[in-house]
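Examination of the molecular architecture
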Amino acid sequence: MTSTPGPRAPASSKPEPTAAAQAVAWLHTARFLTTAPRLEHLPATEVPEIAFVGRSNAGKSTCINTLTQQKRLAFASKTPGRTQAINLFALGKQGLTDAVLADLPGYGYAAVPKADKIRWQQVMANYLVTRENLAGVVMLVDPRHGLTELDEILLEVIRPRVEAGMKFLVLLTKADKLNRAEANKALSIARLQTAGGEVKLFSALKKQGVEEASLLLWNWAHPEQT
């Protein structure tokens, strides 16, 4: 007597990746697009652009490399402030570009000649005010020092665009160097300085804040899908 086989077990299926995991994978597609020493050398783009700004020692290059999971996408000069060009990186799977990351030169480093500082501050200001497809700005701040005078000047430059709807995020880098009380204090102070703006803790070493930041950037670049 042959036994009747029971119901077949359903084929196992992998769970759908979370929105944060998809955003992290999207950032991993980052690839070098172009570098421009002057604003007029930048190509016009038709996709959302997200700019990274910050003092020369705030960990900007490290943050970009951590978010994109690439070791040397954004070049960290041995002499902070020496890199004086706007670098663009394309984002998008299968060779398609659906957003662009812009790495702006670090500012405020004392070893850079004053004339160069003034020139680059003007270039950055013009970029932040006039770049048509600029969808958001990420400011990198070392929480041990807080927002400096130069950070606050930059905030004033972009404030009209933020009030008009452009996205803005402050990432407090090197958060692994703070204990919980120090981190909470840094968050509170930064929120006050940015008038309640979005502020997140970030640590490249411990990967703290990576998923949160990645998801925000994805949403900025794909508002129609949020």
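Below you will find a few notes about this structure. Keep in mind that what you see is a predicted model, and the values were worked out from it rather than measured.

**Notes on the overall build of the protein**
Of the regular secondary structure elements, the protein holds six helices and seven strands. Each helix (α) and strand (β) of the protein, taken in turn from the N terminus, gives the series α-β-β-α-β-β-α-β-α-β-α-β-α. Split into buried and exposed, the 226 residues of the protein put 44% on the buried side. Counted over contacts in the protein with a minimum sequence separation of 6, partners at least 24 positions apart contribute 77%.

**Points about the sheet that holds strand 5 (residues 134–141)**
With mixed pairing, seven strands are arranged side by side in an open sheet as 1-3-4-2-5-6-7. At either end of the open sheet lies a strand with only one pairing partner, and these are strand 1 (31–36) and strand 7 (198–201). Along the sheet, successive strands turn relative to each other by an average axial angle of 25°, direction set aside. Here five bridges tie strand 1 to strand 3 (residues 86–91), and the two strands are oriented antiparallel to one another. From the neighbouring strand, Arg 31 faces strand 3, where its bridge partner is Ala 90. Of the strands in this sheet, strand 2 (49–54), strand 4 (99–103), strand 5 and strand 6 (167–172) are in contact with helix 2 (residues 60–68), which crosses strand 2 at around 140°.

**So, helix 3 (residues 114–130)**
Between its first and last C-alpha atoms helix 3 spans 24 Å; for 17 residues at 1.5 Å apiece the expected length is 24 Å, and the two agree. Buried residues in helix 3 make contact with strand 1, strand 2, strand 3, strand 4, strand 5 and helix 4 (149–163).

**Some points on the side chain of Arg 161**
For Arg 161, the position within the fold is in helix 4. Notably, Arg 161 is buried but unbridged: the nearest opposite-charge side chain belongs to Glu 132, and the N-O separation is 8.3 Å. A distance of 3.0 Å separates a polar atom in the side chain of Arg 161 from the backbone oxygen of Arg 131. The contacts of Arg 161, once residues within four sequence positions are left out, are Tyr 127, Leu 128, Val 129, Thr 130, Arg 131, Glu 132, Leu 134 and Met 166.

**Brief notes about the pairing of strand 4**
The element strand 4 is extensively covered by neighbouring structure, given that five of its five residues are classed as buried. Of the two faces of strand 4, the one carrying Ala 99, Leu 101 and Asp 103 and the one carrying Val 100 and Ala 102 are both buried. Relative to strand 4, strand 2 is paired through four bridges, and the arrangement is parallel. Among the inter-strand pairings, Ile 50 is bridged to a residue of strand 4, identified as Leu 101. Pairing of strand 3 with strand 4, which is carried by five bridges, proceeds in the antiparallel orientation.

**Quick word on the nonpolar core**
Membership of the largest hydrophobic core comes to 36 residues, with the highest contact counts inside it found for Leu 104, Tyr 127, Met 139 and Leu 172. No other element matches helix 3, which puts five residues into this core. Residues in contact with Met 139, not counting those within four places in the same chain, are Val 53, Tyr 107, Leu 147, Asp 151, Leu 154, Leu 155, Phe 168, Leu 169, Val 170 and Leu 171. Ile 64, Phe 89, Leu 140 and Phe 202 belong to the second-largest nonpolar core, a separate cluster that totals 27 residues.

**So, the packing of aromatic side chains**
Considering all chains together, one arrives at two aromatic pairs under this definition. With centroids separated by 5.3 Å and ring planes inclined at 85°, the aromatic side chains of Trp 26 and Trp 218 adopt a geometry described as edge-to-face. Of this pair, Trp 26 sits in helix 1 (residues 19–27) while Trp 218 sits in helix 6 (residues 210–221); the two residues are 192 residues apart in sequence, bridging distant segments of the chain. Under the relative-accessibility criterion, Trp 26 is labelled buried at 2%. Judged by centre distance (6.2 Å) and plane angle (65°), the ring pair of Phe 32 and Phe 89 falls under edge-to-face. With a gap of 57 residues between them, Phe 32 in strand 1 and Phe 89 in strand 3 connect regions that are remote in the sequence. Take Phe 32: its relative accessible area is 52%, and that puts it in the exposed class.

**Focus: the pattern of salt bridges**
As a working rule, side chains carrying opposite charge can pair if their charged atoms are close by. Going through the model one piece at a time under the given rule, you end up with seven salt bridges. Among the ionic pairs, Arg 131 bridges to Glu 49, the shortest N-O distance being 2.8 Å. Of this pair, Arg 131 sits in the loop between helix 3 and strand 5 while Glu 49 sits in strand 2, placing them 82 residues apart in sequence. Judged by its relative accessible area of 13%, Arg 131 is buried. With a relative accessible area of 0%, Glu 49 lands in the buried category. Where Glu 156 meets Arg 159, a salt bridge forms, and the shortest distance between an N and an O atom there is 2.8 Å.

Here is what the cut-offs are and how they apply
Residues numbered from 1 in each chain as written. Predicted model: local features only at pLDDT ≥ 70, side-chain atom pairs only at ≥ 80, totals over all residues. Heavy atoms only, no water. Helix = DSSP H or I, 4+ residues; strand = E, 2+ residues; numbered from the N terminus. Buried < 20%, exposed > 50% of the residue type's maximum accessible area, 1.4 Å probe, protein only. Contact = heavy atoms within 4.5 Å. Pairing = 2+ DSSP bridges. Axes fitted to C-alpha atoms, helices over the stretch in contact; angles between N-to-C directions. Expected span 1.5 Å × (residues − 1). Lys, Arg positive; Asp, Glu negative; His and termini not counted. Salt bridge = Lys/Arg side-chain N within 4 Å of Asp/Glu carboxyl O. Polar contact = N/O pair within 3.5 Å; in protein donor to acceptor, adjacent residues only side chain to side chain. Core = buried A, V, L, I, M, F, W, Y, C linked by side-chain atoms within 4.5 Å. Phe/Tyr/Trp six-rings, centres within 6.5 Å; stacked < 30°, edge-to-face > 60°.

The analysis is restricted to geometry; functional conclusions fall outside its scope.
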